[in-house]
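Overview (structure and organization)
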Amino acid sequence: MSGQQKFSLSVQGMSCASCVGRVERGLAAVEGLEDVGVNLATESAQFTATADKITAAVAKLDDLGYPARTQTVTLTIQSMSCASCVGRVDKALQAVPGVLSASVNLAAETATIVFAEGATTVQELVKASTDAGYPASLADAGTSQDRSERKAEEARELARKMAIAAAFALPVFLIEMGGHLIPAFHHLIAVTIGQQMSWILQFVLTSVVLFGPGRSFYLKGLPALLKGAPDMNSLVAVGTGAAYLYSVVATFLPDLVPAEVRAVYFEAAAVIVVLILLGRFLEARAKGRTGAAIQSLLGLQVKSARVLRDEEMVEVPIETLAIGDIVVVRPGERLAVDGEVVEGFSHVDESMITGEPVPVAKSAGSAVTGGTVNGTGGLQFKATRVGADTTLSQIIRMVEEAQGAKLPIQGLVDRITLWFVPAVMAVAVATVLVWLTFGPDPALTLALVAGVSVLIIACPCAMGLATPTSIMVGTGRAAEMGVLFRKGDALQQLADVDIVALDKTGTVTEGRPELTDLVLADGFERSFVLSRIAAVEARSEHPVAEAIVRAAGKEGVERFAVSEFNSITGHGVSAIVNGQQVLVGADRLMKREGIATDALVDEEVRLATRGRTALYAAIDGRIAAVVGVADPVKPSSRAAIAALHELGLKVAMITGDKRETAEAIAAETGIDIVIAGVLPDGKVDALTELKGDEGRIAFVGDGINDAPALAHADVGIAIGTGTDVAIESADVVLMSGDLRGVVNAYEVSRRTMRNIKENLFWAFAYNTALIPVAAGALYPAFGLLLSPVLAAGAMALSSVFVLTNALRLRRIAPVMDEARSRVAFTPSAEAAPAE
């Protein structure tokens, strides 16, 4: 079959000959794959097929459980000027065999490509984009910095070109338009240099403008037109070229043009170039500002650090730091990398990482984060993460990935803009033909004006910039507020959720329970019971167990050895302590063991209704006590939940606690829906139930035990620790560590999507409304025909409007801050831990 090639894919997970057999049989079953061979030593699969079958092969490997290795690269793309350019780069990259997805971003001037290893190379991807007319290069780690500098240089170059063009276009505009507007000026030109010399002078000046500062439109636009892939440059080149050539003919070959329509439009061609250069200059400046958040994050990275080497302090470049190095930080300095304090005491300002304004006390054993600012004390810390593994590097990487993402809403825009420019050129041709056929005299002049106006006004720059600029600014501002969108589409999905489901422990509450009550059965003493249950719980890793052990330590009770320890999932624990059988757990454990709890049932209910986690303790088969443990509600939770209600969202809580305990916390914090008694593996089922009842759902958890639920929800939001942000299951990571971040994340999402819709409405409405006006729809009724100069100004204005509107997102203020959450939350007396 023609078009078939030999391909090789890198395959993961093969460990034996049977794996090879399964992969080989599976690929051989895919229609279109021939000569399949699988090699265990090289971990690869070879086959002959057409390029369009690679995606099917990759999908089959995923189904078999032996996924193909993929690689993700980011290319810097040059010469993109409008949404049509984006579509052509995307089409060229998608056509490369082995490319699984490509996301092209006009605002960031990048393309992020996922491809199957072995099927293609980065060099092939670069060549594909370059051959399509858009030179590409591999983006390196300094891309953000390079891009900012590049946009600044581009803005300076455009300003220079615009100034030159304006200097030569201004006399042309004054000579021609002055003569039309002021009869005396027209007479002055006629009696001095004459009309013909005036036209020749305009020809010379306009030629300088078009073939000097404006030549890039022709060098890029005409080849694209000849390839059958016209872009914005093509529209400008054809529009200004038509006006220029018509004027040249009228000037030097006047007999070819009827006397009644003999006129020149040099001023239109020259001024159009000036206005478009002005628009691109303003775009370049605005694009540079869209990456301000990344620039500020990059500015947090220090260049060098002082480390102890052989008991001497030396200053070294940050690139040479290694894990285990002891870094010395003086007062007021920025920390170089992540680490753990080994000596000293200070307060560190972590606001640039977590969004929290209050400095955090740091002493020996405390974790510190690179990029934060030391206070008045001195610190020495051991480096635990360096280079690309630091929290700051992870944050920068996450923000860059989110900024380069393509939202679902962008798909429609891309499909429209890919054929938009050819459609505009067809409309322009039709406009000229209609004017020549049905237009009044001078029909040729009117046809030229209308055709050029259609070409110029319809450039789809605003369409291409509408979505990516808002994404860049919105995700960047979110990062400054301590909200990291790990996946770009989460930015759109979060704005559409109907209900926010919260894990209780560590999310609504502090995640550090404290022993609040120990109610004894008749015949038992506090120290006797506490010493034995603490001995058992010391072997457990549950947070409730830690609370009991801490309380026993504070009271100084006797310590005992433990044997035959057994943890019973979902029920409790048991062990032999000092020769006695001790059970600690929920009422279902006591019921299972046949131990009567009647004597303490009322106490257990009372504790539960007060928001305590109530556990029974039994010694030698006899009920001994009911234990009350409270996990204090975070001070910000109540205010955050109220803020979510104000935003129109319902709030649910999923917990393994008994319903009475959960209802007490829900009443204290204002939670709407409670799902209690859920075992660790039941959260996914609980979310499925909520989805069916309430609609789209966001789940908020700590990202450790909640990975399945985070992945199952429409949007998974992980509350980070400020130092560990690589939470793979989540779509959104909150650095602040509490629910205020959820409110801010939703607000950023909602505002960004509203901004995108405003931009798209403006971009599409502008073209929909003004193309007919440019074509002359108002001429029959009102005698109005849009000037090409005004069309150029309107086109430039539309792009600048979209960029300026997107930049408004930089002013998003946190819905919740430290002050509001503290004022809004007043712990109830009932919820306070008992003394």
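Position numbers for residues count from 1 along each chain, tracking the sequence in the order it is written. In view of the model being predicted, local features appear only for residues whose pLDDT reaches at least 70, and side-chain atom pairs are presented and counted only at 80 or more, with totals across whole chains, interfaces and linings using the full set of residues. Based on all heavy atoms of the structure, the side-chain values leave hydrogens and waters out of the count.

Numbering goes from the N terminus for both helices and strands, where a helix is a DSSP run of H or I of at least four residues and a strand is a run of E of at least two. In terms of regular secondary structure, the chain is built from 30 helices and 29 strands. Relative to its full complement of 835 residues, the chain shows a buried share of 53%. Considering only residue pairs separated by 6 or more positions, the chain has 71% of its internal contacts joining residues 24 or more positions apart. In the structure as shown, the chain presents an accessible area of about 35400 Å², 57% of it carried by carbon and sulfur atoms. Exposure is judged per residue with a 1.4 Å probe applied to protein chains only, and the accessible area is read against the type maximum: over 50% gives exposed, under 20% gives buried, and values in between give partly exposed. Contacts are residue-level and defined by heavy atoms, with any inter-residue pair within 4.5 Å sufficient. Areas reported as accessible are Shrake-Rupley estimates using a 1.4 Å probe. Residue values count occlusion only from the protein chains shown.

Among soluble globular proteins, nonpolar side chains are generally buried collectively. Definition used in this section: a nonpolar core is a set of buried Ala, Val, Leu, Ile, Met, Phe, Trp, Tyr and Cys residues joined via side-chain atoms within 4.5 Å. Within the largest apolar cluster, 138 residues are counted, with the highest numbers of intra-cluster contacts made by I113 and F485. Broken down by element, the residue count for this core peaks at 13 residues, all from helix α27 (residues 740–775). Setting aside anything within four residues of it in sequence, one finds I113 in contact with Q71, T72, V73, L75, L93, V99, S101, A102 and L125. Within the second largest apolar cluster, 42 residues are counted, among which are L530, I533, L583 and V627.

Turning our attention to the side chain of K683. Within the fold, K683 resides in helix α25 (residues 683–694). Polar contacts, as used here, are pairs of N or O atoms within 3.5 Å; protein pairs need one atom able to donate a hydrogen and one able to accept it. Residues neighboring in sequence count only if both atoms are side-chain atoms. For K683, the side chain forms a polar contact with the side chain of D503, separated by 2.9 Å. When near neighbours in sequence (up to four residues on either side) are disregarded, K683 contacts D503, I654, V678, F699, D706 and A709.

What follows is about the packing of helix α7 (residues 194–211) against helix α9 (residues 232–252). Helices that pack against each other are described as a pair by the angle of their axes relative to one another and the distance between those axes. Between α7 and α9, whose axes approach to 10 Å, the crossing angle comes to 150 degrees. Judged by the angle between their axes, α7 and α9 are roughly antiparallel. Seen from above, α7 lies across α9 with left-handed handedness. Here Q196, W199, I200, F203, T206, S207, L210 and F211 of α7 come into contact with α9, specifically with T240, Y244, V248, A250, T251 and F252. In this count, Pro and Cys sit with the nonpolar residues alongside Ala, Val, Leu, Ile, Met, Phe, Trp and Tyr, while Asp, Glu, Lys and Arg are called charged and the others, Gly among them, polar. Split into classes, the residues belonging to the contact of α7 with α9 amount to nine nonpolar, five polar and no charged. Helix axes use the C-alpha atoms of the stretch in contact, all axes being lines fitted to C-alpha atoms, and the angles between their N-to-C directions lie in the range 0 to 180 degrees. Each angle is binned into one of four classes, with values under 35 degrees roughly parallel, values over 145 roughly antiparallel, values of 65 to 115 roughly perpendicular, and all other values oblique. In this scheme, a crossing is called left-handed if the near helix is turned counterclockwise away from the far one by less than a right angle; it is called right-handed if the turn is clockwise.

Looking now at the sheet that holds strand β9 (residues 312–317). A sheet is described by the order of its strands in space; here six strands give the open sequence β9-β8-β10-β16-β11-β14, paired in antiparallel fashion. Looking at the sheet topology across the chains shown, the edges are occupied by β9 and β14 (367–368). One requirement defines pairing of two strands: DSSP has to find at least two bridges between them. Two elements, strand β8 (residues 304–309) and strand β10 (residues 326–329), share two bridges in a ladder whose sense is antiparallel. Each bridged residue has a counterpart across the sheet, and for V307 the counterpart in β10 is V327.

Next up on the list: the packing of helix α15 (residues 443–457) against helix α29 (residues 788–807). Axis separation between α15 and α29 bottoms out at 8 Å; the angle between their running directions is 10 degrees. Overall, the two elements α15 and α29 adopt an arrangement that is roughly parallel. Across the interface between the two elements, V449, V452, S453, I456 and I457 of α15 pack against P788, A791, A792, A794 and M795 of α29. When the residues that make up the contact of α15 with α29 are grouped by side-chain class, the tally is nine nonpolar, one polar and no charged.

So, on to the pattern of salt bridges. Any two side chains of opposite charge can pair if their charged atoms end up close together. A pair is scored as a salt bridge if a Lys or Arg side-chain nitrogen falls within 4 Å of a carboxyl oxygen belonging to Asp or Glu. All chains considered together, the criterion is met by 21 salt bridges. Where R156 meets E153, a salt bridge forms, and the shortest distance between an N and an O atom there is 2.9 Å. Within this pair, R156 and its partner E153 are both found in helix α5 (residues 143–181), separated by three residues, close to a single helical turn. The salt bridge partner of E157 is R160, with a shortest N-O separation of 2.6 Å. On the criterion of helical spacing, the pair formed by E157 and R160 is a turn pair, its members being three residues apart in helix α5. Overlapping salt bridges, with partners in common, bring together E747, R750 and R751 in one network.

Judged by pairing direction, the sheet is antiparallel, and its four strands sit side by side in the order β5-β6-β4-β7 without closing on themselves. Two strands close off the open sheet at either side, each with one partner strand: β5 (99–105) and β7 (136–138). Geometrically, the sheet is characterised by an average inter-axis angle of 25 degrees between neighbouring strands, direction not taken into account. Here strand β4 (residues 70–77) pairs with strand β6 (residues 110–116) via seven bridges, running antiparallel. Its bridge partner being in β6, T72 is matched across the sheet by V114. Of the strands in this sheet, β4, β5, β6 and β7 are in contact with helix α4 (residues 122–131), which crosses β4 at around 35 degrees.

With that out of the way, let us pick up unusual backbone geometry. Residue S79 is not a glycine yet carries a positive backbone phi of 75 degrees. Residue position: S79 is located in the loop between β4 and α3 (83–94). Phi angles above zero are rare outside glycine, and D620 is one such case at about 50 degrees. Within the secondary structure, D620 is located in the loop between β23 (613–619) and β24 (622–630).

Our focus in this paragraph is the packing of aromatic side chains. Pairing of aromatic rings covers Phe, Tyr and Trp, the last through its six-membered ring, and needs centres within 6.5 Å; plane angles under 30 degrees mean stacked, over 60 mean edge-to-face, and all others mean tilted. Applying the stated criterion across every chain yields a total of ten aromatic pairs. Ring centres of F203 and Y244 lie 6.1 Å apart, and the angle between their planes is 20 degrees; this geometry places the pair in the stacked category. One end of the pair, F203, is in helix α7; the other, Y244, is in helix α9, with 41 residues separating them in the sequence. A centroid spacing of 5.0 Å and a plane angle of 80 degrees characterise the contact between F203 and F252, whose relative ring orientation is edge-to-face. On the criterion of sequence distance, the pair formed by F203 in helix α7 and F252 in helix α9 is long-range, its members being 49 residues apart. Judged by relative accessible area, F252 falls into the partly exposed class, the value being 40%. The structure contains a cluster of three or more aromatic residues connected by ring pairs, namely F203, F211, Y218, Y244, F252 and F266.

Like charges are joined within 9 Å and nonpolar side chains (Val, Leu, Ile, Met, Phe, Trp, Tyr) within 5 Å, but only among residues with over 30% relative accessible area and no salt bridge; these make up the patches. Side chains of I164, F168, V204 and V208 sit close together on the surface and give an oily, nonpolar patch of about 270 Å² of accessible area. Elements supplying a minimum of two residues to the nonpolar patch: α5 and α7.

Another aspect to go through is the UniProt feature "transmembrane region" (unreviewed entry) in the chain. The feature "transmembrane region" (unreviewed entry), as given by UniProt, occupies residues 162–182, 188–211, 232–252, 264–282, 416–438, 444–467, 760–779 and 785–807 in the numbering adopted here. Annotation note: span residues 264–282, helix share 89%, strand share 0%, distance between end C-alpha atoms 30 Å. A helix fraction of 85% and a strand fraction of 0% characterise residues 760–779, whose end C-alpha atoms lie 28 Å from each other. UniProt positions are given in the numbering used here, feature names are shortened, and annotations may be inferred rather than shown by experiment.

Our focus in this paragraph is the confidence of the model for the chain. The pLDDT value tells you how sure the predictor is about a given residue, anywhere from 0 up to 100. Averaged over every residue, the pLDDT of the chain is 82; the share at 70 or more is 89%. Across residues 819–835 the pLDDT falls below 50, and counting only partners more than four positions away or on other chains, this stretch makes 27 contacts in the model.

Attention now moves to α29. For a helix, the expected span equals 1.5 Å multiplied by the residue count minus one. Across its 20 residues, α29 extends 29 Å between first and last C-alpha, which sits within 8% of the 28 Å expected from 1.5 Å per residue. Most of α29 is tucked away: 14 of the 20 residues are buried.

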